[in-house]
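Take a look at the letters that make up each chain.
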2 protein chains.
Amino acid sequence: MHTTYVIFNGALIPEKEAQLATNDLAIVRGYGIFDYFKTVNGVTVFLEDNLDRFYRSAELMDLPVRYSRDELTNFIAVLMQANNILESGIKILLTGGYSSDGYSIAEPNLIISQHAITRNINQEQQGIRLLPFDYHRPFSQVKSIDYVMGIQALKVAKSQGADDVIYIQNELISECPRANFFLISPEGKLLTAGDDVLQGITRKKIIDLAREIIEVEVRDISIVDLQCAQEAFISSTTKNITPVTTVLGHRDFEPGPGPITKHLQKLLERLVYQL
Amino acid sequence: MHTTYVIFNGALIPEKEAQLATNDLAIVRGYGIFDYFKTVNGVTVFLEDNLDRFYRSAELMDLPVRYSRDELTNFIAVLMQANNILESGIKILLTGGYSSDGYSIAEPNLIISQHAITRNINQEQQGIRLLPFDYHRPFSQVKSIDYVMGIQALKVAKSQGADDVIYIQNELISECPRANFFLISPEGKLLTAGDDVLQGITRKKIIDLAREIIEVEVRDISIVDLQCAQEAFISSTTKNITPVTTVLGHRDFEPGPGPITKHLQKLLERLVYQL
């Protein structure tokens, strides 16, 4: 079988040899950050935006990054050459490091890994069902490894026939555990939550694309906005733009992408996949 | 130098050889649980209570434990014999396992480790200062590895001259990131928060001890309770009963342990240290 490689603290090594000692702060305290982007036909997609966000997450969580942007870029190029996976997701993970007292941040460990991904076109065409879930992610601007709530919530969603949850607290809709959330208002505006959610790179690109064709409002999104909306969708690196057909207990939409969602899907597809 | 051993998935191995592959769900999603108890003069303290809680945490987080209670007890005995550390803390850590999709729970990895600890008698006599912090721990009954908020909050506490934070949300006082919180009411009752906090083993022992000498109320604790209280203290496996001298912005207490706190300290010391 083909060997998959990772970059482990600057060195290219086989993935199965990449291991962390069990006192790393990620393991003992769930403390670490990551970033994630994809490659399409062997080319990185939006890498510069992801590196911006990676350094920002690290700074907000007080994790020192001992590699420059050029070094990270070079590591990624070396990794892609070694693995030779054309359609892939690449994760840059930075842990809290080997903590002497089991609580204080130490010298972080950096692991860059790459795996093949396939696009779920079926889901992008048919859409997904979301279950409302009472939660708001702390440190929402940070892409932290803390997904305890997301993993537990997914179990609840599946048990109720939904594909995932949407976090709603105090009548405000923020985001999905691994995706941003958008609405098309009755007037045909694009609505999405502002500062207090993950600053998704796909989200940012969608906002830029949408501004060319419709009005965009980046602001608090309420249950009332949802109930009045014409269309809804989520976005992420792997899901691109995926329509939301139902928010359980609140709103059913027409099956598949609405007209504006479909238009935005085409624009994003052209940008990401050069189609 | 003396080699320290750990139990890694049932095998006794040197700690420096205990490593996890970087796709463990603890590392990629901060998903895992643990439990922690101490040994005094080479004897485990409240081990049965800790094993109860360990299995309960695992169940609440859907982590299967493939070892029986007798097997865990035996691992701990083997570890203690190998390490021969009389005064120690022993941690039983159960991770989310090597997840194939980076999100689903897999076969957990179990690591039992032991390290020397020394009692901080100075702090138990002098007390600590706490900074109020607006937060309530989700999955509060689970001893999960998720301490992102605690680590970030400690930084804020230190910057304001406090030793740690106390979580207060909607006027209700729950717990410290790594300790339970208690008050002595104006009438001399012991007050501590109920179900929605970590079910600390030291907390449980204190409640039992206190019931022999004073009235105990396990219920929601408010800011008003704090402002009226005569004494305050925190408890944990390592901190035993440590007085709180100040909750910044809310209440200053007399320096050192108040009379009831001191009485409880003596009772707990007799139970734990046989003094």
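Each chain has its residues counted from 1, following the order in which its sequence is written. The naming scheme follows written order: chains are lettered A onward, ligands numbered 1 onward. Local features in a predicted model are, by the rule used here, given only for residues with pLDDT of at least 70; side-chain atom pairs are given and counted only at 80 or more, and totals for whole chains, interfaces and linings are based on all residues. Computation of side-chain values: all heavy atoms of the structure, hydrogens and water removed.

*Asks:* Sorry if this is basic, but what is going on with the environment of Ile33(A) here?
*Replies:* Numbering of helices and strands starts at the N terminus; helices are DSSP runs of H or I of at least 4 residues and strands are runs of E of at least 2. By the secondary structure assignment, Ile33(A) is in strand S4 (residues 32–40). Sequence-wise, Ile33(A) and Ser144(A) are 111 residues apart; in three dimensions their C-alpha atoms are separated by 4.1 Å.

*Asks:* How should I be thinking about the packing of helix H2 (residues 47–60) of chain B against helix H3 (residues 69–83) of chain B in this particular structure?
*Replies:* All names here are of chain B. Interhelical geometry of H2 versus H3 gives an angle of 125° and a closest axis separation of 11 Å. Comparing their axes, H3 and H2 come out oblique. The crossing of H2 and H3 is right-handed. Of the residues in H3, those in contact with Leu47, Glu48, Leu51, Asp52, Phe54 and Tyr55 of H2 are Arg69, Leu72, Thr73 and Ile76. Classifying every residue of the contact of H2 with H3 gives six nonpolar, one polar and three charged. What counts as an axis is a line fitted to C-alpha atoms, over the stretch in contact for a helix, and the angles between N-to-C directions run from 0 to 180 degrees. Roughly parallel means an angle under 35 degrees; roughly antiparallel, over 145; roughly perpendicular, 65 to 115; everything else is oblique. Should the near helix be turned anticlockwise from the far one by less than a right angle, the crossing is left-handed, and should it be turned clockwise, the crossing is right-handed. Residues are treated as being in contact if the distance between any of their heavy atoms lies within 4.5 Å. Residues were grouped as follows: Ala, Val, Leu, Ile, Met, Phe, Trp, Tyr, Cys and Pro as nonpolar; Asp, Glu, Lys and Arg as charged; and all remaining residues, including Gly, as polar.

*Asks:* Sorry if this is basic, but what is going on with the relation of the copies chain A and chain B here?
*Replies:* Two chain copies here: they are related by a rotation about an axis and a translation along the same axis. Our superposition of the copies is a least-squares fit, built on the C-alpha atoms of residues whose pLDDT is at least 70 in both. The transform that puts chain A on chain B rotates by 180° and translates by 0.0 Å along the axis, for an RMSD of 0.0 Å. In symmetry terms, the pair is related by a two-fold rotation axis. Taking C-alpha positions as the reference, the residue of chain A nearest the rotation axis is Gly30(A), at 2.0 Å. Of all interface residues in chain A, 100% are interface residues in chain B too; the two copies therefore contact each other through one and the same surface.

*Asks:* I tried to follow helix H2 (residues 47–60) of chain A on my own but got confused; where do I start?
*Replies:* Residue pairs spaced three or four apart in an α-helix point in one direction, given the helix's 3.6 residues per turn. Residues and elements named next belong to chain A. Multiplying 1.5 Å by the residue count of a helix minus one yields the expected span of that helix. The first and last C-alpha atoms of H2 sit 20 Å apart over 14 residues, in line with the 20 Å expected at 1.5 Å per residue. Listed as buried for H2 are Leu47, Asp49, Asn50, Leu51, Arg53, Phe54, Ser57 and Ala58. Buried residues in H2 make contact with S4, strand S5 (43–44), helix H3 (69–83), strand S6 (88–95), strand S7 (110–116) and helix H6 (201–211). Where H2 ends, the next residue or the one after it, Asp62, has phi of about 60°, a positive value. In this scheme, a residue with accessible area under 20% of its type's maximum is buried, one over 50% is exposed, and one in between is partly exposed, where area comes from a 1.4 Å probe on protein chains only.

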